[in-house]
Amino acid sequence: MSETYTGGCQCGAIRFRIEGTLGEASICHCRMCQKAFGNFFAPLVDARHEDLTWTRGQPTYYASSDVVDRGFCSRCGTPLVFAYRDYPLIGLAIGAFDEPARVPVTKQHWKRDKISCVDTLHALPGGPEDDPEFADVIAEIDASNHQHPDHDTKEWPVAPQMSDGTDR
């Protein structure tokens, strides 16, 4: 049975839809993925090219090696794609899905490059957003959120303003 998944970048300039079955969902610890995602690892899930439709916009691609292209939103910078050239599957950033919890990670790659603190992240204490003292700040952030909602929209303002009021 075919399933439908949707997602996109932070600003909403790029949206995608997958109608089909997803493949392996994994996190990659390689140094290239760490840099491409600006994070400890890259969470990715495989999809077949023919099941993927870009419903708004298209990623911009960077050739991170002679065999891999990485797609991202050139407007907001959201990492979206890991793609081996001439391969039937495309890796999509799990965090870009509207419902990332529907894509459970089942494997790790390039563990030799794993940053050691990853194993203990779950044990770290919560941050100030969990403290009632910061409720006003969190409410202000929530009220001024420019991030695209986690569902498809007919239109979306894709030109958030800088703090000085000018367009990006």
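This report concerns the structure included in the present document.

Each value, and the rule that gives it
Along each chain, residues carry numbers from 1 onward, in the same order as the chain's sequence is written. Note on the predicted model: pLDDT of at least 70 is required for a residue's local features to be given, and 80 or more for side-chain atom pairs to be given and counted; whole-chain, interface and lining totals, by contrast, use all residues. Excluded from the side-chain calculation are hydrogens and water; included are all heavy atoms of the structure. Under the DSSP-based scheme used, a helix requires at least four consecutive residues in state H or I and a strand at least two consecutive residues in state E, with every element numbered from the N terminus. We call a residue buried when its accessible area falls under 20% of the maximum for its residue type, exposed when it is over 50%, and partly exposed in between, using a 1.4 Å probe and counting protein chains only. In this scheme, patches are assembled from residues that exceed 30% relative accessible area and form no salt bridge. Like charges are connected within 9 Å, while nonpolar side chains (Val, Leu, Ile, Met, Phe, Trp, Tyr) are connected within 5 Å. For the accessible areas, the method is Shrake-Rupley and the probe is 1.4 Å, while residue cover comes only from the protein chains on display. Salt bridges are defined as contacts in which a side-chain nitrogen from Lys or Arg sits within 4 Å of a carboxyl oxygen from Asp or Glu. When charges are tallied, Lys and Arg are placed among the positive residues and Asp and Glu among the negative ones, while His and the ends of the chain are skipped. To locate a charge, take atom NZ for lysine, CZ for arginine, CG for aspartate or CD for glutamate. Two strands make a pair as long as DSSP finds a minimum of two bridges between them. Helix axes are fitted only over the stretch in contact, all axes being lines through C-alpha atoms; the angle between N-to-C directions runs from 0 to 180 degrees.

## A look at the overall build of the protein
1) Next: Check the secondary structure of the protein and you find two helices and 10 strands.
2) Next: Along the protein, helices and strands appear, N-terminal first, in the series β-β-β-α-β-β-β-β-β-β-β-α.
3) Next: Each principal axis of the C-alpha atoms in the protein carries an extent, and together these give about 50 × 40 × 35 Å.
4) Next: Put simply, the protein has 168 residues, and 32% of those count as buried.

## Concerning a negative patch on the surface
1) Next: Residues Glu 129, Asp 130, Asp 131 and Glu 133 make up a contiguous surface patch of negative charge.
2) Next: Within the secondary structure, Glu 129 sits in the loop between strand 10 (107-109) and helix 2 (135-143).

## Describing the sheet that holds strand 5 (residues 52-56)
The pairing of strands in a sheet happens through backbone hydrogen bonds and is either parallel or antiparallel.
1) Next: Read from one edge of the open sheet, three strands run 1-2-5, paired in antiparallel fashion. Strands with a single pairing partner mark the edges of an open sheet, and in this sheet they are strand 1 (3-8) and strand 5. Averaged over neighbouring strand pairs, the angle between their axes works out to 20° when direction is ignored.
2) Next: Pairing of strand 2 (residues 15-20) with strand 5, which is carried by four bridges, proceeds in the antiparallel orientation. Within strand 5, the residue paired with Ile 18 across the bridge is Leu 52.

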